[in-house]
Amino acid sequence: MVQVKVLKYKIAVIPGDGVGPEVIREGVKVLRAAAEVAGGVDIDFVEFPYGAEHYLRTGELIPEEALKELSRMDAIYLGALGDPRVPTGVLEQGILLRLRFYFDQYVNLRPVRLYPGVPCPLAGKGPEDVDFFVVRENTEDFYVALGGRAKGRSKAELDLIRSLYEAKFKLDVDVDRDEIAYQLGVISRKGAERVIRYAFELARRKGKKRVTSVDKANVLTHVYSLWRDVFESVARDYPEIETEFAFVDAVTMWFVKNPEWYQVVVTPNMFGDIITDLGAMIQGGLGLAPGGNINPEGVSMFEPIHGSAPKHAGKNVANPIATILAGQMMLEELGEQKVADIIEAAVVEVLREGRVRTYDLGGRSSTSEVGDEVVRKIENK
Ligand code: IPM
Ligand code: MN
(Lines give C-alpha, C1' and ligand atoms only; values in the text may rest on other atoms or scores of the structure.)
(Ligands and ions follow the chains in the order given, each with its own letter.)
Protein backbone atom coordinates (compact mmCIF):
# COMPACT_ATOMS: atom_id res chain seq x y z
CA MET A 1 0.00 0.00 0.00
CA VAL A 2 1.28 3.44 -0.90
CA GLN A 3 1.32 5.86 1.99
CA VAL A 4 0.61 9.43 0.97
CA LYS A 5 1.44 11.99 3.57
CA VAL A 6 -1.28 14.59 3.72
CA LEU A 7 -0.45 17.97 5.23
CA LYS A 8 -3.44 19.54 6.87
CA TYR A 9 -3.73 23.30 7.25
CA LYS A 10 -6.23 25.26 9.24
CA ILE A 11 -6.89 28.57 7.55
CA ALA A 12 -9.03 31.24 9.18
CA VAL A 13 -11.22 33.08 6.70
CA ILE A 14 -12.46 36.57 7.49
CA PRO A 15 -14.56 37.69 4.51
CA GLY A 16 -15.25 41.08 6.14
CA ASP A 17 -17.01 43.96 4.42
CA GLY A 18 -18.02 45.33 1.05
CA VAL A 19 -16.70 43.21 -1.79
CA GLY A 20 -14.69 41.15 0.73
CA PRO A 21 -17.10 38.18 0.89
CA GLU A 22 -17.42 38.01 -2.92
CA VAL A 23 -13.71 37.99 -3.63
CA ILE A 24 -12.81 35.71 -0.75
CA ARG A 25 -15.37 33.15 -1.96
CA GLU A 26 -13.46 32.92 -5.25
CA GLY A 27 -10.16 32.75 -3.43
CA VAL A 28 -11.31 29.83 -1.30
CA LYS A 29 -12.70 28.10 -4.38
CA VAL A 30 -9.38 28.41 -6.20
CA LEU A 31 -7.30 27.31 -3.20
CA ARG A 32 -9.47 24.22 -2.77
CA ALA A 33 -9.09 23.31 -6.44
CA ALA A 34 -5.33 23.84 -6.43
CA ALA A 35 -4.83 21.79 -3.25
CA GLU A 36 -6.92 19.02 -4.75
CA VAL A 37 -4.94 18.95 -7.99
CA ALA A 38 -1.57 19.17 -6.24
CA GLY A 39 -2.51 16.39 -3.84
CA GLY A 40 -1.05 15.85 -0.39
CA VAL A 41 -2.45 19.11 0.93
CA ASP A 42 -5.69 19.36 2.82
CA ILE A 43 -7.03 22.77 3.78
CA ASP A 44 -9.60 23.25 6.46
CA PHE A 45 -11.20 26.70 6.18
CA VAL A 46 -12.70 28.14 9.36
CA GLU A 47 -14.86 31.21 8.82
CA PHE A 48 -14.98 34.15 11.23
CA PRO A 49 -17.76 36.79 11.12
CA TYR A 50 -15.85 39.94 12.08
CA GLY A 51 -16.53 43.13 10.20
CA ALA A 52 -19.19 45.83 9.89
CA GLU A 53 -22.29 43.61 10.12
CA HIS A 54 -21.07 41.90 13.24
CA TYR A 55 -20.00 45.21 14.75
CA LEU A 56 -23.32 46.92 14.06
CA ARG A 57 -25.25 43.99 15.49
CA THR A 58 -23.15 43.35 18.59
CA GLY A 59 -20.85 46.35 19.15
CA GLU A 60 -17.94 43.93 19.06
CA LEU A 61 -14.90 44.43 16.81
CA ILE A 62 -12.77 41.37 17.41
CA PRO A 63 -12.88 39.75 20.82
CA GLU A 64 -9.95 38.39 22.76
CA GLU A 65 -11.20 34.78 22.46
CA ALA A 66 -11.29 35.09 18.69
CA LEU A 67 -7.69 36.31 18.68
CA LYS A 68 -6.74 33.30 20.79
CA GLU A 69 -8.53 31.00 18.41
CA LEU A 70 -6.82 32.65 15.45
CA SER A 71 -3.44 32.06 17.03
CA ARG A 72 -4.02 28.33 16.63
CA MET A 73 -4.52 28.71 12.87
CA ASP A 74 -1.81 28.32 10.25
CA ALA A 75 -2.76 31.56 8.53
CA ILE A 76 -5.54 34.10 8.07
CA TYR A 77 -7.20 34.81 4.73
CA LEU A 78 -8.85 38.22 4.81
CA GLY A 79 -11.28 39.85 2.39
CA ALA A 80 -11.59 43.53 3.26
CA LEU A 81 -12.66 45.84 6.06
CA GLY A 82 -14.43 49.18 6.00
CA ASP A 83 -18.08 50.18 5.68
CA PRO A 84 -19.77 53.55 5.17
CA ARG A 85 -22.19 52.85 8.03
CA VAL A 86 -19.33 52.81 10.52
CA PRO A 87 -17.22 55.94 11.20
CA THR A 88 -14.00 55.81 9.23
CA GLY A 89 -11.13 54.15 11.05
CA VAL A 90 -13.16 52.09 13.52
CA LEU A 91 -13.08 48.80 11.63
CA GLU A 92 -9.68 49.46 10.08
CA GLN A 93 -8.08 50.15 13.45
CA GLY A 94 -10.23 47.81 15.50
CA ILE A 95 -9.86 44.77 13.28
CA LEU A 96 -7.29 45.08 10.48
CA LEU A 97 -4.58 46.95 12.38
CA ARG A 98 -5.47 45.07 15.56
CA LEU A 99 -4.71 41.79 13.78
CA ARG A 100 -1.48 43.10 12.28
CA PHE A 101 -0.30 44.24 15.71
CA TYR A 102 -1.64 41.33 17.73
CA PHE A 103 0.17 38.81 15.58
CA ASP A 104 3.18 41.09 15.19
CA GLN A 105 2.98 40.78 11.41
CA TYR A 106 5.89 43.08 10.94
CA VAL A 107 6.36 42.55 7.21
CA ASN A 108 3.82 43.75 4.70
CA LEU A 109 4.95 42.11 1.51
CA ARG A 110 3.47 43.55 -1.66
CA PRO A 111 4.68 42.18 -4.97
CA VAL A 112 4.34 44.60 -7.87
CA ARG A 113 4.20 42.43 -10.94
CA LEU A 114 2.61 43.23 -14.26
CA TYR A 115 1.33 40.04 -15.85
CA PRO A 116 1.20 39.56 -19.62
CA GLY A 117 -2.13 40.59 -21.08
CA VAL A 118 -2.84 43.17 -18.38
CA PRO A 119 -3.01 46.75 -19.65
CA CYS A 120 -0.38 48.95 -18.02
CA PRO A 121 -1.01 52.70 -17.70
CA LEU A 122 2.69 53.45 -18.26
CA ALA A 123 3.44 54.14 -21.91
CA GLY A 124 5.95 51.75 -23.38
CA LYS A 125 6.27 49.51 -20.30
CA GLY A 126 5.53 45.81 -20.25
CA PRO A 127 5.73 42.80 -17.94
CA GLU A 128 9.52 42.70 -18.10
CA ASP A 129 9.65 46.26 -16.73
CA VAL A 130 7.34 45.90 -13.75
CA ASP A 131 8.44 43.09 -11.48
CA PHE A 132 9.58 43.97 -7.98
CA PHE A 133 8.69 43.61 -4.32
CA VAL A 134 7.80 46.26 -1.82
CA VAL A 135 8.59 45.22 1.74
CA ARG A 136 6.63 47.57 3.94
CA GLU A 137 7.34 47.72 7.66
CA ASN A 138 3.99 46.96 9.25
CA THR A 139 3.99 47.73 12.96
CA GLU A 140 5.79 51.01 13.68
CA ASP A 141 6.29 54.48 12.21
CA PHE A 142 3.15 56.62 12.07
CA TYR A 143 0.93 53.60 12.67
CA VAL A 144 1.70 53.39 16.38
CA ALA A 145 -1.36 55.56 17.20
CA LEU A 146 0.54 57.93 19.48
CA GLY A 147 -0.76 61.43 19.52
CA GLY A 148 -3.76 63.50 20.30
CA ARG A 149 -5.92 66.52 19.85
CA ALA A 150 -4.61 69.15 22.23
CA LYS A 151 -7.61 69.53 24.48
CA GLY A 152 -7.30 67.27 27.46
CA ARG A 153 -3.65 66.35 26.91
CA SER A 154 -1.15 66.28 29.75
CA LYS A 155 0.64 69.45 30.81
CA ALA A 156 3.99 68.02 29.71
CA GLU A 157 2.76 67.42 26.19
CA LEU A 158 1.17 70.86 25.98
CA ASP A 159 4.30 72.54 27.27
CA LEU A 160 6.38 70.76 24.68
CA ILE A 161 4.12 71.84 21.87
CA ARG A 162 3.90 75.37 23.24
CA SER A 163 7.68 75.69 23.30
CA LEU A 164 7.78 74.54 19.68
CA TYR A 165 5.39 77.23 18.54
CA GLU A 166 7.16 79.88 20.58
CA ALA A 167 10.66 79.00 19.49
CA LYS A 168 10.19 78.12 15.86
CA PHE A 169 7.06 79.18 14.12
CA LYS A 170 5.78 82.51 12.97
CA LEU A 171 2.20 81.44 13.38
CA ASP A 172 0.78 82.74 16.65
CA VAL A 173 -0.85 79.66 18.13
CA ASP A 174 -1.99 79.62 21.71
CA VAL A 175 -2.01 75.92 22.57
CA ASP A 176 -4.37 76.47 25.48
CA ARG A 177 -7.06 78.02 23.33
CA ASP A 178 -6.40 77.11 19.72
CA GLU A 179 -7.04 73.57 18.74
CA ILE A 180 -4.03 71.54 17.64
CA ALA A 181 -3.39 67.91 16.87
CA TYR A 182 -0.21 65.94 16.59
CA GLN A 183 0.88 62.41 15.88
CA LEU A 184 4.17 60.72 16.53
CA GLY A 185 6.10 58.25 14.44
CA VAL A 186 8.29 55.71 16.16
CA ILE A 187 11.08 53.59 14.71
CA SER A 188 13.06 51.19 16.85
CA ARG A 189 16.39 49.67 15.90
CA LYS A 190 14.95 46.20 16.45
CA GLY A 191 11.81 46.96 14.49
CA ALA A 192 13.73 48.37 11.54
CA GLU A 193 16.36 45.66 11.62
CA ARG A 194 13.99 42.69 11.36
CA VAL A 195 12.08 44.04 8.37
CA ILE A 196 15.17 45.28 6.56
CA ARG A 197 16.80 41.88 7.07
CA TYR A 198 13.67 40.26 5.67
CA ALA A 199 14.01 42.43 2.56
CA PHE A 200 17.62 41.35 1.99
CA GLU A 201 16.75 37.71 2.59
CA LEU A 202 13.90 38.03 0.12
CA ALA A 203 16.27 39.54 -2.43
CA ARG A 204 18.58 36.55 -2.00
CA ARG A 205 15.75 34.04 -2.20
CA LYS A 206 14.27 35.61 -5.33
CA GLY A 207 17.56 36.27 -7.08
CA LYS A 208 17.20 40.04 -6.92
CA LYS A 209 20.34 42.14 -7.05
CA ARG A 210 19.36 45.48 -5.57
CA VAL A 211 17.56 46.66 -2.44
CA THR A 212 16.28 50.23 -2.32
CA SER A 213 15.55 51.87 1.00
CA VAL A 214 12.80 54.48 0.94
CA ASP A 215 12.51 57.26 3.51
CA LYS A 216 12.35 60.99 4.01
CA ALA A 217 15.51 61.34 6.07
CA ASN A 218 16.03 64.88 4.80
CA VAL A 219 13.03 66.13 6.76
CA LEU A 220 12.01 63.49 9.30
CA THR A 221 15.60 63.32 10.47
CA HIS A 222 15.09 61.58 13.79
CA VAL A 223 13.17 58.49 12.80
CA TYR A 224 14.64 57.99 9.36
CA SER A 225 18.28 58.59 10.22
CA LEU A 226 17.92 55.63 12.57
CA TRP A 227 16.27 53.70 9.73
CA ARG A 228 19.23 54.54 7.48
CA ASP A 229 21.78 53.50 10.09
CA VAL A 230 20.08 50.15 10.45
CA PHE A 231 19.81 49.70 6.69
CA GLU A 232 23.53 50.33 6.28
CA SER A 233 24.47 47.91 9.00
CA VAL A 234 22.21 45.12 7.73
CA ALA A 235 23.43 45.68 4.16
CA ARG A 236 26.96 44.82 5.24
CA ASP A 237 25.82 41.22 5.73
CA TYR A 238 24.78 41.05 2.06
CA PRO A 239 27.82 42.25 0.12
CA GLU A 240 26.57 40.76 -3.15
CA ILE A 241 23.46 42.95 -3.11
CA GLU A 242 23.60 46.50 -4.38
CA THR A 243 21.93 49.10 -2.18
CA GLU A 244 20.66 52.64 -2.45
CA PHE A 245 18.62 55.21 -0.56
CA ALA A 246 15.76 57.06 -2.16
CA PHE A 247 13.43 59.72 -0.84
CA VAL A 248 9.81 58.76 -0.96
CA ASP A 249 8.77 61.70 -3.13
CA ALA A 250 11.39 60.80 -5.69
CA VAL A 251 10.34 57.16 -5.61
CA THR A 252 6.80 58.04 -6.67
CA MET A 253 8.35 59.68 -9.70
CA TRP A 254 10.74 56.85 -10.53
CA PHE A 255 8.12 54.09 -10.15
CA VAL A 256 6.36 55.79 -13.05
CA LYS A 257 9.39 56.70 -15.11
CA ASN A 258 11.71 53.70 -14.56
CA PRO A 259 9.89 50.85 -12.82
CA GLU A 260 12.42 48.38 -14.29
CA TRP A 261 15.06 49.79 -11.95
CA TYR A 262 13.39 48.36 -8.86
CA GLN A 263 13.90 44.86 -7.49
CA VAL A 264 13.25 44.95 -3.75
CA VAL A 265 12.11 48.14 -2.04
CA VAL A 266 12.05 48.35 1.74
CA THR A 267 10.14 51.14 3.39
CA PRO A 268 8.74 52.37 6.69
CA ASN A 269 5.05 51.77 7.21
CA MET A 270 3.42 55.03 6.13
CA PHE A 271 5.37 55.53 2.92
CA GLY A 272 4.88 51.86 2.17
CA ASP A 273 1.14 52.36 2.36
CA ILE A 274 1.33 55.20 -0.15
CA ILE A 275 3.77 53.80 -2.68
CA THR A 276 2.04 50.41 -2.85
CA ASP A 277 -1.17 52.00 -4.10
CA LEU A 278 0.98 53.50 -6.83
CA GLY A 279 2.59 50.10 -7.27
CA ALA A 280 -0.84 48.54 -7.68
CA MET A 281 -1.67 50.97 -10.48
CA ILE A 282 1.45 50.20 -12.48
CA GLN A 283 0.74 46.48 -12.20
CA GLY A 284 -2.67 47.00 -13.76
CA GLY A 285 -4.80 48.28 -10.92
CA LEU A 286 -5.95 47.49 -7.42
CA GLY A 287 -7.84 44.47 -8.68
CA LEU A 288 -4.53 42.70 -9.22
CA ALA A 289 -2.53 43.60 -6.15
CA PRO A 290 -2.18 41.12 -3.29
CA GLY A 291 -0.43 41.58 0.02
CA GLY A 292 0.82 39.47 2.87
CA ASN A 293 1.05 40.63 6.49
CA ILE A 294 3.81 38.33 7.54
CA ASN A 295 5.27 37.22 10.83
CA PRO A 296 7.82 34.65 9.73
CA GLU A 297 7.64 33.00 13.16
CA GLY A 298 3.91 33.36 13.74
CA VAL A 299 0.47 33.65 12.18
CA SER A 300 0.46 35.60 8.94
CA MET A 301 -2.48 37.18 7.16
CA PHE A 302 -3.09 37.56 3.44
CA GLU A 303 -5.42 40.01 1.74
CA PRO A 304 -6.05 41.91 -1.45
CA ILE A 305 -4.83 45.46 -0.89
CA HIS A 306 -7.88 47.07 -2.51
CA GLY A 307 -10.13 47.34 0.52
CA SER A 308 -13.90 46.94 0.71
CA ALA A 309 -15.00 49.10 -2.27
CA PRO A 310 -18.53 49.57 -0.85
CA LYS A 311 -19.97 50.94 -4.07
CA HIS A 312 -19.28 47.66 -5.85
CA ALA A 313 -20.42 45.43 -2.99
CA GLY A 314 -22.99 42.76 -3.68
CA LYS A 315 -22.85 43.16 -7.45
CA ASN A 316 -20.50 40.31 -8.26
CA VAL A 317 -18.30 42.64 -10.33
CA ALA A 318 -15.13 43.05 -8.27
CA ASN A 319 -11.95 41.53 -9.62
CA PRO A 320 -11.06 38.49 -7.47
CA ILE A 321 -7.53 38.12 -8.88
CA ALA A 322 -5.87 40.15 -6.09
CA THR A 323 -7.50 37.88 -3.52
CA ILE A 324 -6.61 34.75 -5.46
CA LEU A 325 -2.99 35.92 -5.64
CA ALA A 326 -3.08 36.67 -1.90
CA GLY A 327 -4.06 33.03 -1.49
CA GLN A 328 -1.13 32.04 -3.67
CA MET A 329 1.20 34.07 -1.43
CA MET A 330 -0.29 32.35 1.61
CA LEU A 331 0.44 28.87 0.24
CA GLU A 332 3.95 29.94 -0.64
CA GLU A 333 4.48 31.25 2.90
CA LEU A 334 3.19 27.95 4.30
CA GLY A 335 5.85 26.20 2.26
CA GLU A 336 3.44 24.78 -0.33
CA GLN A 337 5.28 26.09 -3.35
CA LYS A 338 3.72 23.56 -5.68
CA VAL A 339 0.15 24.60 -4.84
CA ALA A 340 1.19 28.26 -5.06
CA ASP A 341 2.71 27.71 -8.50
CA ILE A 342 -0.41 25.97 -9.75
CA ILE A 343 -2.50 28.96 -8.71
CA GLU A 344 -0.18 31.50 -10.27
CA ALA A 345 0.08 29.58 -13.52
CA ALA A 346 -3.71 29.47 -13.80
CA VAL A 347 -4.05 33.19 -13.10
CA VAL A 348 -1.36 33.95 -15.66
CA GLU A 349 -3.21 31.91 -18.26
CA VAL A 350 -6.55 33.58 -17.60
CA LEU A 351 -4.98 37.02 -17.76
CA ARG A 352 -3.00 36.26 -20.89
CA GLU A 353 -6.05 34.94 -22.71
CA GLY A 354 -8.02 38.00 -21.64
CA ARG A 355 -11.32 36.36 -22.50
CA VAL A 356 -12.72 36.26 -18.98
CA ARG A 357 -12.03 39.48 -17.15
CA THR A 358 -13.82 41.93 -14.90
CA TYR A 359 -14.80 45.50 -15.76
CA ASP A 360 -11.62 47.05 -14.31
CA LEU A 361 -9.64 45.25 -17.01
CA GLY A 362 -12.10 46.26 -19.69
CA GLY A 363 -14.11 43.04 -19.58
CA ARG A 364 -17.65 42.15 -18.66
CA SER A 365 -17.21 38.98 -16.65
CA SER A 366 -18.40 38.68 -13.11
CA THR A 367 -16.36 38.00 -10.00
CA SER A 368 -17.47 34.38 -9.90
CA GLU A 369 -16.90 33.83 -13.62
CA VAL A 370 -13.27 34.84 -13.17
CA GLY A 371 -12.95 32.50 -10.17
CA ASP A 372 -14.54 29.67 -12.16
CA GLU A 373 -12.21 30.26 -15.07
CA VAL A 374 -9.14 30.10 -12.84
CA VAL A 375 -10.47 26.85 -11.37
CA ARG A 376 -11.02 25.47 -14.89
CA LYS A 377 -7.41 26.22 -15.82
CA ILE A 378 -6.24 24.47 -12.67
CA GLU A 379 -8.32 21.41 -13.38
CA ASN A 380 -7.28 21.22 -17.01
CA LYS A 381 -3.59 21.17 -16.19
C1 IPM B 1 -3.64 49.07 3.47
C2 IPM B 1 -4.76 49.95 3.97
C3 IPM B 1 -4.68 50.04 5.49
C4 IPM B 1 -3.36 50.66 5.84
C5 IPM B 1 -5.84 50.81 6.12
C6 IPM B 1 -7.19 50.29 5.70
C7 IPM B 1 -5.74 50.83 7.62
O8 IPM B 1 -4.72 51.18 3.36
O9 IPM B 1 -3.62 47.89 3.85
O10 IPM B 1 -2.81 49.55 2.71
O11 IPM B 1 -3.23 51.89 5.89
O12 IPM B 1 -2.42 49.90 6.09
MN1 MN C 1 -3.21 51.34 1.79
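Residues numbered from 1 in each chain as written. Chains lettered and ligands numbered in written order. Predicted model: local features only at pLDDT ≥ 70, side-chain atom pairs only at ≥ 80, totals over all residues. Heavy atoms only, no water.

Visitor: Just to check I follow, could you spell out unusual backbone geometry for this structure?
Guide: A negative phi angle characterises most non-glycine residues, just as the trans form characterises most peptide bonds. The phi torsion at alanine 309 lies on the positive side, around 40°, for a residue other than glycine. Tracing the backbone shows alanine 309 in the loop between β12 (300-304) and α10 (321-333). A positive phi angle is found at asparagine 316, which is not glycine, with a value near 60°. Residue classification places asparagine 316 among the partly exposed positions, given a relative accessible area of 27%. (Helix = DSSP H or I, 4+ residues; strand = E, 2+ residues; numbered from the N terminus. Buried < 20%, exposed > 50% of the residue type's maximum accessible area, 1.4 Å probe, protein only.)

Visitor: Please clarify how the site of ligand 1 should be interpreted in this entry.
Guide: By nearness alone, every residue bordering ligand 1 is listed as Glu92, Leu96, Arg100, Arg110, Arg136, Tyr143 and Asp273. Arginine 136 is positioned with one of its side-chain polar atoms (N or O) 2.8 Å from an oxygen atom of ligand 1. Between ligand 1 and aspartate 273, the relevant distance is 2.9 Å, taken from an oxygen atom to a side-chain nitrogen or oxygen of the residue. The fraction of the free accessible surface of ligand 1 (320 Å²) that becomes covered by protein chains is 75%. If one sorts the elements of the shell around ligand 1 by residue count, helix α4 (residues 90-102) sits on top with 3 residues. (Near = heavy atom within 4 Å. Polar contact = N/O pair within 3.5 Å; in protein donor to acceptor, adjacent residues only side chain to side chain. Areas by Shrake-Rupley, 256 points an atom, 1.4 Å probe, with all protein chains shown as cover.)

Visitor: What should I look at first to understand the packing of helix α1 (residues 20-38) against helix α12 (residues 367-379) in this one?
Guide: Between two packed helices, both the angle of their axes relative to each other and the distance between the axes serve to describe the pair. Interhelical geometry of α1 versus α12 gives an angle of 5° and a closest axis separation of 9 Å. Considering their axes alone, α1 and α12 lie roughly parallel with respect to each other. Counting all contacts with α1, which are made through Glu22, Val23, Glu26, Lys29, Val30, Ala33, Ala34 and Val37, the residues of α12 involved are Thr367, Ser368, Gly371, Asp372, Val374, Val375, Ile378 and Glu379. Of the residues contributing to the contact of α1 with α12, the split by class is 8 nonpolar, 3 polar and 5 charged. (Axes fitted to C-alpha atoms, helices over the stretch in contact; angles between N-to-C directions. Parallel < 35°, antiparallel > 145°, perpendicular 65-115°, else oblique. Contact = heavy atoms within 4.5 Å. Nonpolar A, V, L, I, M, F, W, Y, C, P; charged D, E, K, R; others polar.)

Visitor: Can you help me understand the nonpolar core in this one?
Guide: Note on soluble globular proteins: their nonpolar side chains tend to be buried together. One finds Leu109, Val135, Ile196, Phe200, Phe255 and Val374 to be the most contacted residues of the largest nonpolar core, which totals 86 residues. Shared between two domains, this core takes at least three residues from each, and those domains are domain 1 (1-113 + 298-381) and domain 2 (120-140 + 187-283). Sequence-distant contacts of phenylalanine 200, that is, excluding residues within four places in its chain, are made with Val211, Phe231, Val234, Ala235, Tyr238, Ile241 and Thr243. Counting 22 residues, the second largest nonpolar core, distinct from the first, contains Met73, Leu81, Phe103 and Met301. (Core = buried A, V, L, I, M, F, W, Y, C linked by side-chain atoms within 4.5 Å. Domains from an automatic or database assignment.)

Visitor: Just to check I follow, could you spell out the packing of helix α8 (residues 248-257) against helix α9 (residues 269-282) for this structure?
Guide: Across the interface, α8 lies against α9 with an axial gap of 10 Å and an inter-helix angle of 10°. On the basis of the axis angle, α8 is roughly parallel to α9. Touching Val248, Val251, Thr252, Phe255 and Val256 of α8 are Phe271, Ile275, Leu278 and Ile282, all from α9.

Visitor: Is there a simple way to think about the sheet that holds strand β4 (residues 107-113) in this case?
Guide: Across a sheet, paired strands are connected by hydrogen bonds in the backbone, their directions being either parallel or antiparallel. Across the sheet, 10 strands lie side by side as β2-β1-β3-β12-β11-β4-β5-β10-β8-β9; this open sheet has mixed pairing. Of all the strands in the sheet, just β2 (41-47) and β9 (242-247) have a single pairing partner and so form its edges. Direction aside, neighbouring strands of the sheet carry axes that sit 25° apart on average. As judged from the 6 bridges shared by strand β8 (residues 210-215) and β9, these two strands associate in the parallel manner. Note on β9: the bridge partner recorded for threonine 212 is glutamate 244. The strands touched by α4 within the sheet are β1 (7-16), β3 (75-80), β4, β5 (131-137), β11 (290-294) and β12, with β12 carrying the most contacts at an inclination of about 145°. (Pairing = 2+ DSSP bridges.)

Visitor: Just checking my understanding: could you explain α4 for this structure?
Guide: Three- or four-residue spacings in an α-helix give side chains the same orientation, since the helix completes a turn every 3.6 residues. When α4 is considered as a whole, its buried residues turn out to be Leu91, Gly94, Ile95, Leu96, Leu97, Leu99 and Arg100. With its phi angle positive at about 50°, aspartate 104 sits one or two positions after the end of α4.

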